[in-house]
Amino acid sequence: MKNLIKRLVPGIFIVLFLVTTITGCTQKTTSNDGGTSNSDTASTRTVNGVDISKFTELKMYLIGDKPTDADMVYQELNKLIERDLNAKLNVDFLAFSDYTQKYPLVLASGEDVDLIYTSTWCFYAQEATKGAFVEITEDLLKKYMPMTYEKQPGVSFEQGKINGKTYFVPNNLAGIAGSVVVIRGDLREKYNIPQIKTLDDLKMYYEAVAKNEKGIFPYAASQNNNEMKVIAFYQKYDVVRLNGVNDDYAYIYTEGDVNADTVKWIYDMPEYLEFLKEMKAWADMGFWSKNAIANSTQPRDAFENGTSASLVWNLGTVGNSARKVNQSNPDWKPEIYDVNPGAVHTKGLYTGDGMAVVATSKNIERSFLLLDRLKFDQEYYELFRFGIKGKHWEAVGADMWRPAADQNNYPFGGGGTWGVKNELFEKRREDELPVERAIYEDWKSKVDNWKFPYEGFIFDDSKVKNEVAALNSLKAKYIYLLELGLVDDVEKTLAEFKAEAIKAGKEKIDAELRRQLEDYLKNR
């Protein structure tokens, strides 16, 4: 992608803003993506040189829970898709509760799938190295995704490279990674707990709820403790994760040099052991259910329905839940806190969300044509991301929006539409809580001062797939319970896991990772 690389400015995320209005192409005119539609000929209809004369149904998989009004929104979206591409889009969902098991099965099953959500946290490296996704080349972007080629920063595709090749189309919005907590302000006041400024303050609040409230857990952990791990381990100790290694390898941020020697297997870090001991103490105090490993209710739902006194998640998700509670139960007085003030936050990578075209798709060209529109045609984008205007959302000026009457039936983001996020079309909520903006601006003011030499690194596991699979099986057996604090002896159980990991080939993974890390810095 020579031209893409030429557009890069080293070390800087490029954001391109357009002044021109983006409009939808019609059947008999020059299309907005640079191709000409010859629909006035009876036998052939083309877009960008692709023959779309035959009506085609496309299949897409998204991650998340299907919104109530999803089918209604897709019906409207399909009017545009049929008009412009002579196709129909069918969307299925892989629920948060079981996507980690079902995602690889979908791609291995031979099911007819055309488009699928993927990212550095959702099987991108693992599946790309298996050949599951179509390679993204400069020629492909020029021909089938001309709007994306023209308007999306080339650095986004560079960040997605594995062994010099990119296999998905990243989103066009690089945010800031980090998690916060929202609590029940009424319960904090009821038990005379000061405002939550640190993890110790949060613990004090949790203790009060656990001792005094019936039918409410301080935090409703579900199946694993990933979100709590962000604030109680990663942010607490300034641990920076690597991409594509299932969060197993990381380094503790310092102002000094970061290299292959400073990257560690997190399970060997003394800070990780301290985190496990703290989670054990919290579990023993009843901060979450003893059956959390089998709990299928998402922490967000538990907080919103009143069976949990807090929610830990990213800033946007926490803000949405706080607003929802303000509408349904304002007497709960939801309060949002950053319990890790001063923690290092990484720049969000474009590769944190994206979409891939499945290599076995029978409709590869049509899939890319559609993805281009979902990302860069404003009419498609707003329908897919926001829902039906006037029903699910209303515009407030050019860059803000407010919920309409049925917004909860198609929440902003449309249930897993993060893969097409585009900074050009995103809007701020009119009722955004002041604390949300304050926290974001605080993080934003600091993030450019931090240096992350491995921020674009993605591990290629093609030479150690068997070892990675074996290690993942061991993690499912040991780590979820350890991080939930649901074991009798933390140190003994961790030692057992580490011994089994050695037998499973962990040292081979270490060696391959080190080789790639050294090559990455050398060729950066």
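See above for the structure.
Residues numbered from 1 in each chain as written. Predicted model: local features only at pLDDT ≥ 70, side-chain atom pairs only at ≥ 80, totals over all residues. Heavy atoms only, no water.

**Re the overall build of the chain**
- Across its full length, the chain holds 19 helices and 18 strands.
- For 524 residues, the compact-globule estimate of 2.2 N^0.38 gives 24 Å, and the C-alpha radius of gyration of the chain, at 24 Å, lies within 12% of that figure.
- Reported as C-alpha extents along the three principal axes, the dimensions of the chain are approximately 75 × 55 × 45 Å.
- Within the chain, the proportion of its 524 residues that are buried is 54%.
- Surface summary for the chain: the accessible area is close to 22,200 Å², and the carbon and sulfur share equals 49%.
- Within the chain, the 77 negative side-chain charges are centred at a point lying 1 Å from the centre of the 66 positive side-chain charges. (Helix = DSSP H or I, 4+ residues; strand = E, 2+ residues; numbered from the N terminus. Rg over C-alpha atoms; globule rule 2.2 N^0.38 Å. Buried < 20%, exposed > 50% of the residue type's maximum accessible area, 1.4 Å probe, protein only. Areas by Shrake-Rupley, 256 points an atom, 1.4 Å probe, with all protein chains shown as cover. Lys, Arg positive; Asp, Glu negative; His and termini not counted. Charge placed at Lys NZ, Arg CZ, Asp CG, Glu CD.)

**Brief notes about the pairing of strand β11 (residues 249–252)**
- In terms of strand pairing, strand β10 (residues 239–241) meets β11 through three bridges, oriented antiparallel. From the neighbouring strand, Val-239 faces β11, where its bridge partner is Ile-252.
- Pairing of β11 with strand β12 (residues 264–265), which is carried by two bridges, proceeds in the antiparallel orientation. Each residue of the ladder has a partner; that of Tyr-249, found in β12, is Trp-265. (Pairing = 2+ DSSP bridges.)

**Quick look at the sheet that holds strand β3 (residues 56–63)**
- In spatial order, the strands read β4-β3-β5-β15-β8; together these five strands make up an open sheet with mixed pairing. Two strands in the sheet have a free side with no partner beyond their single neighbour: β4 (87–94) and β8 (169–170).
- The strands touched by helix α14 (residues 364–376) within the sheet are β3, β4, β5 (115–118), β8 and β15 (354–357), with β3 carrying the most contacts at an inclination of about 55°. (Contact = heavy atoms within 4.5 Å. Axes fitted to C-alpha atoms, helices over the stretch in contact; angles between N-to-C directions.)

**Some details on the packing of helix α17 (residues 465–483) against helix α18 (residues 490–503)**
- Where α17 meets α18, the axes come as close as 10 Å, and the angle between the chain directions of the two elements is 175°. Considered as vectors, α17 and α18 are oriented roughly antiparallel to each other. Contacts from Leu-471, Leu-474, Lys-475, Tyr-478, Ile-479 and Leu-482 of α17 reach α18 at Val-490, Thr-493, Leu-494, Glu-496, Phe-497, Glu-500 and Ala-501.
- Tallied by class, the residues present in the contact of α17 with α18 amount to nine nonpolar, one polar and three charged. (Parallel < 35°, antiparallel > 145°, perpendicular 65-115°, else oblique. Nonpolar A, V, L, I, M, F, W, Y, C, P; charged D, E, K, R; others polar.)

**Things to note about helix α3 (residues 99–108)**
- Taken together, the buried positions of α3 are occupied by Tyr-99, Tyr-103, Val-106 and Leu-107. An end-on view of α3 places all buried positions within 90° of arc, on one side of the element. Along α3, exposed side chains directed more than 90 degrees from the buried face belong to Leu-105 and Ala-108.
- One or two residues past the end of α3 sits Gly-110, with phi positive at roughly 85°. (Arc of directions from axis to C-beta.)

Limitation: the analysis is restricted to geometry and does not speak to function.
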